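Geometric and topological summary
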Amino acid sequence: MAQIRIRKTNERIEGEAEVKAFLDSHNVVYEHWNPTKLPEALREKFILSDDEKAQIISTYEEEIRDLAARRGYEIWDVIALSDSTPDIEKLLQKFEQVHTHTEDEIRAIVSGKGIFIIKSEDEVGYFDVELEPGDVISVPENTNHFFTLMDNREIVAVRLFIEKDGWVAYNIEDPEFIKA
């Protein structure tokens, strides 16, 4: 289940209802899919073949199509990242830059853990959303944010897009952002 850490105060928000209420108040969509639907052989696998990625899409097809219909997403894929990913450090440097997009950035975590760092439009400032299997999050367009791996450095996620070429990141130099 997702947890939130407000960076300015180090306050933590836990529990599905509390996390959802906080994220709703910041226009961030949060849902939870059943992580046990994923075949056990894929639950801790972070290097995936195209067939295994297709199996993940097939497993969550109903949830993906429902979310896509409600939010206007047209395409989706699976991303798998770990220390075995070629050029992982270069990828993480790219991911760990505050940026915005002209469409929502959405991820449904199916294995591993990840973290979105999101900037609130109010006095809250930046907050971390720590995600684990089953957590689904959609960061609104034009919102300062970035996504990265947690200490375990392993994740598999379904990503959904409106544009066929995926998200285009527009990097932001924000003096309010301090790496934690």
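The rules behind these values
Residues numbered from 1 in each chain as written. Predicted model: local features only at pLDDT ≥ 70, side-chain atom pairs only at ≥ 80, totals over all residues. Heavy atoms only, no water. Helix = DSSP H or I, 4+ residues; strand = E, 2+ residues; numbered from the N terminus. Rg over C-alpha atoms; globule rule 2.2 N^0.38 Å. Buried < 20%, exposed > 50% of the residue type's maximum accessible area, 1.4 Å probe, protein only. Contact = heavy atoms within 4.5 Å. UniProt positions renumbered as here; feature names shortened; annotations may be inferred. Polar contact = N/O pair within 3.5 Å; in protein donor to acceptor, adjacent residues only side chain to side chain.

Digging into the overall build of the protein chain
Of regular secondary structure, the protein chain possesses four helices and 12 strands. In terms of overall dimensions, the protein chain is globule-like: its C-alpha atoms have a radius of gyration of 16 Å, near the 16 Å expected for 180 residues. The dimensions of the protein chain, computed from C-alpha atoms along their principal axes, are 45 × 35 × 30 Å. Residues counted as buried form 51% of the 180 residues belonging to the protein chain. Of the contacts made within the protein chain by residues no fewer than 6 positions apart, 74% connect residues no fewer than 24 positions apart.

Describing the UniProt feature "binding site: Fe(2+)" (unreviewed entry) in the protein chain
What UniProt calls "binding site: Fe(2+)" (unreviewed entry) maps, in this numbering, to H99, H101, E105 and H145. In sequence the annotated residues extend across 47 residues, while in space they remain close, none of their C-alpha pairs exceeding 11.0 Å. With respect to the secondary-structure elements, H99 resides in strand β5 (residues 99-100). Overall, H99 belongs to the buried group, its relative accessible area being 6%. Not counting chain neighbours up to four residues away, the residues in contact with H99 comprise E105, T143, N144, H145, F146, A169, Y170, N171 and I172. Here the side chain of H99 touches Q97 through a polar contact of 2.7 Å, landing on its backbone oxygen. Within the secondary structure layout, H101 lies in the loop between β5 and β6 (105-112). Excluding anything up to four places from it in sequence, H101 contacts E141, N142, H145, W167, V168, A169 and Y170.

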